[in-house]
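Chain residues, written in single-letter form:
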Amino acid sequence: MKFGMGQYDFGFCVSSVKDADMIKYIADRDHYTEVLARCERVKHDLWIGTADLKDLYVGSGKNVVPFLSILNKLLKRGVEVRMLHAKEPGENFRADFDKYPELWTKLERKLCPRVHFKIMIFDCSEAYIGSANLTGAGIGIKGDGNRNFEAGILTDEPSLVDAAADHLDSVWQGVHCAKCKRKDFCGDRIAK
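Only a predicted model underlies this, so the values are computations on that prediction, with no experimental measurement involved. (Residues numbered from 1 in each chain as written. Predicted model: local features only at pLDDT ≥ 70, side-chain atom pairs only at ≥ 80, totals over all residues. Heavy atoms only, no water.)

A. View of the pattern of salt bridges. Going through the model one piece at a time under the given rule, you end up with 11 salt bridges. For E34, the salt bridge identified is with R38, shortest N-O distance 3.9 Å. Residue E34 is classed as partly exposed on the basis of its relative accessible area of 23%. Among the residues examined, R38 registers a relative accessible area of 13% and is labelled buried. (Salt bridge = Lys/Arg side-chain N within 4 Å of Asp/Glu carboxyl O. Buried < 20%, exposed > 50% of the residue type's maximum accessible area, 1.4 Å probe, protein only.)

B. Broad picture of unusual backbone geometry. Phi at D28 is positive, roughly 50°, even though this residue is not glycine. Checked against the element boundaries, D28 lands in the loop between β1 (23–27) and α1 (30–35). Residue D28 is classed as partly exposed on the basis of its relative accessible area of 26%. Not every positive phi belongs to a glycine, and D123 is a case in point at roughly 50°. (Helix = DSSP H or I, 4+ residues; strand = E, 2+ residues; numbered from the N terminus.)

C. Structural detail: helix α2 (residues 67–76). By the criterion of burial, α2 is predominantly enclosed, with eight of the 10 residues buried. Every buried residue of α2 is listed here: F67, L68, S69, I70, L71, N72, L74 and L75. On its buried side, α2 packs onto β2 (45–50), β3 (57–60), β4 (63–66), β5 (80–85), α3 (91–97) and α4 (101–106). Once α2 finishes, G78 follows within two positions and takes phi at roughly 90°, a positive value. (Contact = heavy atoms within 4.5 Å.)

D. Structural view of the sheet that holds strand β8 (residues 126–130). Taken in spatial order, the seven strands make up an open sheet running β1-β9-β8-β7-β2-β5-β6, and their pairing is mixed. Since the sheet does not close on itself, it has two edges, and those belong to β1 and β6 (108–111), each with one partner. Geometrically, the sheet is characterised by an average inter-axis angle of 10° between neighbouring strands, direction not taken into account. With five bridges connecting them, β1 and strand β9 (residues 151–155) associate as antiparallel partners. Within the sheet, the bridge partner assigned to A27 lies in β9 and is A151. (Pairing = 2+ DSSP bridges. Axes fitted to C-alpha atoms, helices over the stretch in contact; angles between N-to-C directions.)

E. Looking closely at helix α5 (residues 158–172). Over its 15 residues, α5 extends 20 Å from the first C-alpha to the last, a length consistent with the 21 Å expected when each residue adds 1.5 Å. In terms of burial, α5 is largely enclosed, as 12 of its 15 residues are buried. Regarding α5, the residues found buried are P158, V161, D162, A163, A164, A165, D166, L168, D169, S170, V171 and W172. Each element contacted by the buried residues of α5 is listed here: β2, β5, β6, β7 (118–122), β8 and β9. Trailing α5 by a residue or two, G174 shows a phi angle of about 80°, which is positive. (Expected span 1.5 Å × (residues − 1).)

F. Representation of the packing of aromatic side chains. A full pass over the atoms with the stated rule returns zero aromatic pairs. One Lys or Arg, R182, reaches over the ring of F185 and ends 4.1 Å from the middle of that ring. (Phe/Tyr/Trp six-rings, centres within 6.5 Å; stacked < 30°, edge-to-face > 60°. Lys NZ or Arg CZ within 6 Å of the ring centre and 35° of its normal.)

G. Up close: the nonpolar core. L36, L46, F67, L71, M120, F122 and L134 are the most contacted members of the largest nonpolar core, which totals 34 residues. Tallying contributions element by element places α2 first for this core, with six residues. Counting residues in hydrophobic clusters, the runner-up holds 18 residues, among them V115, I121, L168 and C177. (Core = buried A, V, L, I, M, F, W, Y, C linked by side-chain atoms within 4.5 Å.)

H. Highlighting the pairing of β7. Of all five residues in β7, five are buried; the element is thus mostly enclosed. Side chains K118, M120 and F122 of β7 all project onto a buried face; the interleaved residues I119 and I121 project onto the opposite face, where all are buried too. With four bridges joining them, β2 and β7 adopt antiparallel strand pairing. Within β7, the position partnered with I48 by the bridge is M120. Bridge count for β7 against β8 is five bridges, and the pairing is antiparallel. The partner of I119 across the bridge, within β8, is I129. Here β7 folds back onto β8 in antiparallel fashion, the turn holding three residues, of which D123 has a positive phi close to 50°.

This is the structure:
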C-alpha cells in the first residue's frame with residue numbers, strides 16, 4: 001500500500017478489497033446514516049482521525065446513547081480502536097468517557113495539534129475522508145436545522161483506503177514529529 005504519492009508505506013492496514021464498487025459522495029445527514037452507522041459493524045479495526053472531539057450521541061433502538069458506548073462495545077468484542085485527535089475533548093465528552101471502563105485501558109488514543117484531517121478507516125476495507133469532526137454537529141444525530149454542512153467521500157476503492165490509512169498512520173507513528181515546528185503546542189508528544 002502506498003500513500004497517494006508514495007510517501008508512506010507502513011503495511012499495517014492492507015485493504016482486502018480487490019474490486020471497488022463504492023465511491024460515494026457523503027453530505028450533511030449522510031455522515032450519520034452512512035458513516036457513523038458503519039462503526040457498529042466493524043469486526044477488527046476502527047481508526048478515527050479528527051480535529052475536534054465533543055459529546056456525540058447516536059440512536060440505539062429507542063434510546064439515544066453516547067457514541068463512546070459504541071466504542072466500548074467494540075472494545076469488549078476485541079476490536080482495535082485507534083483515535084487520533086488534535087486537542088483534548090470537551091467536558092461532556094470527558095464525563096461520558098469516564099462511564100465506560102473498557103475505554104480506559106483498551107482505547108488507543110493519541111493527540112497531535114496539527115491533525116485537521118477527518119478520516120475513518122473501517123476494517124481496512126472502507127474509508128471516510130471528509131470534513132466532519134467527531135462532534136454532534138459534524139457527524140452525530142443532530143437534526144438537519146442544527147447540524148453543520150459537511151462533505152466527504154465514503155469508499156472501498158483500495159488505493160483511496162490505503163492512502164487514507166497510511167496518512168493517518170504516519171501521524172500515529174510519529175513520522176512527522178522530528179521536523180515539527182509546533183512542539184510547543186504538543187502536550188503529549190507521540191514521538192519524544
